[in-house]
Amino acid sequence: MGADMTVARVFPRRTKATPTDDYAFIGDPGLFVPDNIDEVHVSVAFTWDLPEAERLAASWSRIAPVKIGGPATGMRGEEFIPGRYLRPGYVITSRGCPNHCWFCSVYTREGELRELPINDGWNLTDDNILACSESHILAVFAMLSRQKERVQFTGGIEAKLLKPWHIELFKTVRPKQIFFAYDTPDDLSPLEEAARLFREAEYGSRSILRCYVLIGYPGDMFSVAEHRLKTAMRLGFGPMAMLYRDVSGVTTPEWRRFQSLWARPRKIYAKNTETEVSDS
Ligand code: SF4
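Residues numbered from 1 in each chain as written. Predicted model: local features only at pLDDT ≥ 70, side-chain atom pairs only at ≥ 80, totals over all residues. Heavy atoms only, no water.

Q: What is the right way to read the site of the ligand from this model?
A: Near the ligand the following residues occur: Cys97, Asn99, Cys101, Phe103, Cys104 and Asp127. By residue class, the composition of the shell around the ligand is 4 nonpolar, 1 polar and 1 charged. (Near = heavy atom within 4 Å. Nonpolar A, V, L, I, M, F, W, Y, C, P; charged D, E, K, R; others polar.)

Q: Can you walk me through the packing of helix 6 (residues 222-235) against helix 7 (residues 253-261) in this structure?
A: In helix packing, the relevant descriptors are the interaxial angle and the interaxial distance, both defined with respect to the helix axes. Running from N to C, helix 6 and helix 7 cross one another at 20 degrees; their axes reach a closest spacing of 12 Å. Judged by the inter-axis angle, helix 6 sits roughly parallel to helix 7. Regarding helix 6 and helix 7, the two cross each other, and that crossing is right-handed. Between helix 6 and helix 7, the residues in contact are Phe222, Ala225, Glu226 and Leu229 and Glu254, Trp255 and Phe258, respectively. Among the residues forming the contact of helix 6 with helix 7, the class breakdown is 5 nonpolar, no polar and 2 charged. (Axes fitted to C-alpha atoms, helices over the stretch in contact; angles between N-to-C directions. Helix = DSSP H or I, 4+ residues; strand = E, 2+ residues; numbered from the N terminus. Parallel < 35°, antiparallel > 145°, perpendicular 65-115°, else oblique. Left-handed = near helix turned anticlockwise from the far one by under 90°. Contact = heavy atoms within 4.5 Å.)

Q: How do you make sense of the domain arrangement of the protein chain when you look at a structure like this?
A: In many reports, interface size means the accessible area that the parts give up when they come together. Splitting the protein chain by domain gives domain 1 (7-72) and domain 2 (74-271). The centre of domain 1, based on its C-alpha atoms, is set 27 Å off from the matching centre of domain 2. The interface is formed by 18 residues belonging to domain 1 together with 14 residues belonging to domain 2. Taking both partners together, domain 1 and domain 2 bury about 1,200 Å²; carbon and sulfur atoms supply 52% of that area. Looking at the side of domain 1 facing domain 2, the largest losses of area belong to Ala17, Trp48 and Pro71, adding up to 38% of the total buried there. (Domains from an automatic or database assignment. Buried area = accessible area lost by both parts, 1.4 Å probe.)

Below is the structure:
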């Protein structure tokens, strides 16, 4: 793509991460599309949006040549360009992950972990930042320490890789939130160890230390999912339920309702006042 090309980015749906500039569009071209668009990129994050992405590609082809890309297509992510497919502030400094979690497409899409040039941003969404080299991690935290906005780690930190020196780095950037994950039973022991390291370092509260908890996957039950969520809370993590979807994206109303109850910290804490975890 030429450096001076004007590219419209088109998204099947808006999320918190979707850019909002004049060349970012949701859905079909409206009445007032700038007339200097050279190329259209339909960016699709979720596999269940692929049919809509195909439809949008046809619809936008009357404006300019169209390409479809994004994680849902299975295409490997290339260099990260701030603000292009993610709202400014979001940043990716590495792609890929050495693990092969059954519910995750990162390793099939991205392959081996790759460290990328480090751009500025305050919401780090790398697949597995702690799997990167020490020099890369140090350079990323140096970048984060320059940011004016509160730093967030929403890509998910792998508890198994957490070391005391990482916690000292987290302290230096005073993050708003650091997300871990409790998806399957084998995550529990590393999460317990991470909680112990944070306690020893006298750092973290459950508003800062958050935990994605995958729920509703095949074989999961409400009682078991609730136990995982409450266990995350007991360990000192503010849980956020993430509803499993297969490639079709189909979910049941019962699991959606359960997820919404466990997605917002205030709702969670109001419902679980008996928990022993303090929110200091
Ligand atoms: S550790 Fe995270 S990024 Fe890596 S394969 Fe598992 S879920 Fe995906």
